[in-house]
Amino acid sequence: VRKFMRQFCENYDMEGIEMDFCRHLNYFKSVAWGGTASKTELRQMSDLVRDIRAITREFELKRGHPILLTARVPDSPEFCRDVGFDLDTWLKEKSVDALICGCYFNLNDPQVMADYIHARGAKCYASIDESRIPGSAATTKAPLIPGRDTLENYRARFAAAMSAGCDGAYLFNLEGSRLNEYCRVDPRELDGCDKIYFATERGSGGYTPNSWLKDGKRFNNLPDIDPGAPRKMKPGETYSFEMFFGDDFGGSPKVTAEALTGLTDGAATLTVNGTLCKRLAENGGCVSYEIAPGVLRKGMNAFAVTFPASAPKDATFNDFAVRVRACEVNDGKGTR
């Protein structure tokens, strides 16, 4: 690795190198055999990253301009450490200029990594990856709320990342017309745009945290609501979770929530930040709710879905989304 990094710098007048550690996350025997990375393994990886930085520094002087070094890693310092990435050391030694956070799974809301990385003097970019959930739902023939991998969903994810303090957004596994469409979006100019926020963006459609680290899901701090692996619910049970929003909800947009439960007899109730929401309609087990103006706020919000006592014992909570629609205003000069 050191040799070909040097070859790159020798043969190309590059401006930066991205080390994508997420393709793939199998690096050390201790981890592959069901444990966590040892101190020796952590040191070996830190040595490698430090040496690559030294190579780029050498060629910065020769080229007369910076060669930035970034690394794409999972969005949890604790998960990273267990698979062999000592992010504290990388950032303390300034071995990298920026971290790109996220991979085949997400473990935290974007503010967690933004705060962690900025406190250590580097840049943070949110990895906005394509959702694997539609594919897994199609394979298992599981119902889901449509809208993932749409412009409205990417707007929501961009807005959340930028509101959380990320320095930018990184797009993964996009090409062709979709890439062109999404790249025309300015992540910093999304107020007043229609959006769809999902409780779970990536889910079990790709590789899970447990695919790379034994019991890696223990580091997950995001809602456990995945159409590909529906959550079992008991009659009368409440599932509480949090979602991060990038909107300031000014201009009184129309905000609705959708809970896909499969219940046909008796609907689940929804509360948002302690406020009970009005039920609007039910269609094929998907119930929509009105979230009144002023209830949602930018940043983290608390949700609670309660199944009725009459729910069957095999009831499941399959999917959850919040739609933000900009209100139309007719001021006599046209609709805007």
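Remember, it's a predicted structure, so these values are computed and weren't measured experimentally.

Caption draft 1: View of the overall build of the protein. A count of helices and strands for the protein gives ten helices and 16 strands. Here the C-alpha atoms of the protein give a radius of gyration of 22 Å, agreeing with the 20 Å that 2.2 N^0.38 yields for 336 residues. Expressed as a percentage of the 336 residues in the protein, the buried residues total 49%. Restricting to contacts in the protein with at least 6 residues of sequence separation, those with at least 24 account for 80%. Here the protein displays about 16,300 Å² of accessible surface, and carbon together with sulfur accounts for 49% of that area.

Caption draft 2: Spatial organisation of the sheet that holds strand E11 (residues 275-276). Taking strand neighbours across the sheet as the criterion, the four strands line up as E8-E14-E10-E11 in an open arrangement whose pairing is antiparallel. The sheet is open, and its two borders are formed by strand E8 (238-245) and E11, each paired with just one other strand. Direction of pairing for strand E10 (residues 269-272) relative to strand E14 (residues 299-306): antiparallel, over a ladder of four bridges. Counted as the bridge partner of Thr271 is Ala304 from E14.

Caption draft 3: Up close: helix H3 (residues 39-63). Taking 1.5 Å as the rise per residue, H3 with 25 residues should run 36 Å; its terminal C-alpha atoms sit 36 Å apart, in good agreement. Among all positions of H3, only Glu41, Leu42, Met45, Ser46, Leu48, Val49, Ile52, Arg53, Ile55, Thr56, Phe59 and Glu60 are buried. Gly64, located one to two residues past H3, shows a positive phi value of around 85°.

Caption draft 4: Fine view of the pairing of strand E3 (residues 98-101). With burial as the criterion, each face of E3 is covered, one bearing Ala98 and Ile100 and the other bearing Leu99 and Cys101. As paired strands, E3 and strand E4 (residues 123-129) are joined by four bridges and run parallel to one another. Note on E4: the bridge partner recorded for Ala98 is Lys123.

Caption draft 5: Quick peek at the sheet that holds strand E1 (residues 16-20). Read across the open sheet, the five strands follow the order E1-E2-E3-E4-E5; overall the sheet is parallel. Edge positions in the sheet fall to E1 and strand E5 (168-172), since each has one partner strand and no second. Strand-to-strand twist across the sheet, computed as the mean angle between neighbouring axes with direction ignored, equals 25°. The pairing of strand E2 (residues 68-73) with E3 spans four bridges and is classified as parallel. What sits directly across from Arg72, in E3, is Ile100. In the packing of helix H8 (residues 151-163) onto the sheet, the strands contacted are E4 and E5, and the crossing angle to E4 comes to about 165°.

Caption draft 6: Broad picture of the side chain of Lys195. With respect to the helices, strands and loops of the structure, Lys195 is situated in strand E6 (residues 195-198). Exposure remark for Lys195: the relative accessible area of 2% places this residue in the buried category. Here the side chain of Lys195 touches Leu190 through a polar contact of 2.6 Å, landing on its backbone oxygen.

Caption draft 7: Local environment of the nonpolar core. Formed by 95 residues in total, the largest nonpolar core has its most connected members in Phe303, Phe320 and Val322. Each residue touching Phe303, except ones within four places of it in the same chain, is listed here: Tyr239, Ser240, Phe241, Met243, Phe245, Leu270, Thr271, Val272, Ile291, Leu296, Phe320 and Val322. By size, the runner-up hydrophobic cluster in this structure holds six residues, among which are Ile145, Ile196, Cys286 and Ala321.

Caption draft 8: Spatial organisation of the side chain of Asp109. Within the secondary structure layout, Asp109 lies in the loop between E3 and helix H6 (110-118). Arg297 is the oppositely charged side chain nearest to the buried, salt-bridge-free Asp109, at an N-O distance of 13 Å. Only 2.9 Å separates the side chain of Asp109 from the backbone nitrogen of Gln111, close enough to count as a polar contact.

Caption draft 9: Structural context of a nonpolar patch on the surface. On the surface, Val1, Phe4, Phe8 and Tyr12 cluster together to form a nonpolar patch covering roughly 410 Å² of accessible area. Relative to the elements of secondary structure, Tyr12 occurs in the loop between helix H1 (2-11) and E1. The class of Tyr12 is exposed, set by a relative accessible area of 54%.

About the cut-offs
- Residues numbered from 1 in each chain as written.
- Predicted model: local features only at pLDDT ≥ 70, side-chain atom pairs only at ≥ 80, totals over all residues.
- Heavy atoms only, no water.
- Helix = DSSP H or I, 4+ residues; strand = E, 2+ residues; numbered from the N terminus.
- Rg over C-alpha atoms; globule rule 2.2 N^0.38 Å.
- Buried < 20%, exposed > 50% of the residue type's maximum accessible area, 1.4 Å probe, protein only.
- Contact = heavy atoms within 4.5 Å.
- Areas by Shrake-Rupley, 256 points an atom, 1.4 Å probe, with all protein chains shown as cover.
- Pairing = 2+ DSSP bridges.
- Expected span 1.5 Å × (residues − 1).
- Axes fitted to C-alpha atoms, helices over the stretch in contact; angles between N-to-C directions.
- Polar contact = N/O pair within 3.5 Å; in protein donor to acceptor, adjacent residues only side chain to side chain.
- Core = buried A, V, L, I, M, F, W, Y, C linked by side-chain atoms within 4.5 Å.
- Lys, Arg positive; Asp, Glu negative; His and termini not counted.
- Salt bridge = Lys/Arg side-chain N within 4 Å of Asp/Glu carboxyl O.
- Patch = residues over 30% accessible without salt bridge, like charges linked within 9 Å, V, L, I, M, F, W, Y side chains within 5 Å.

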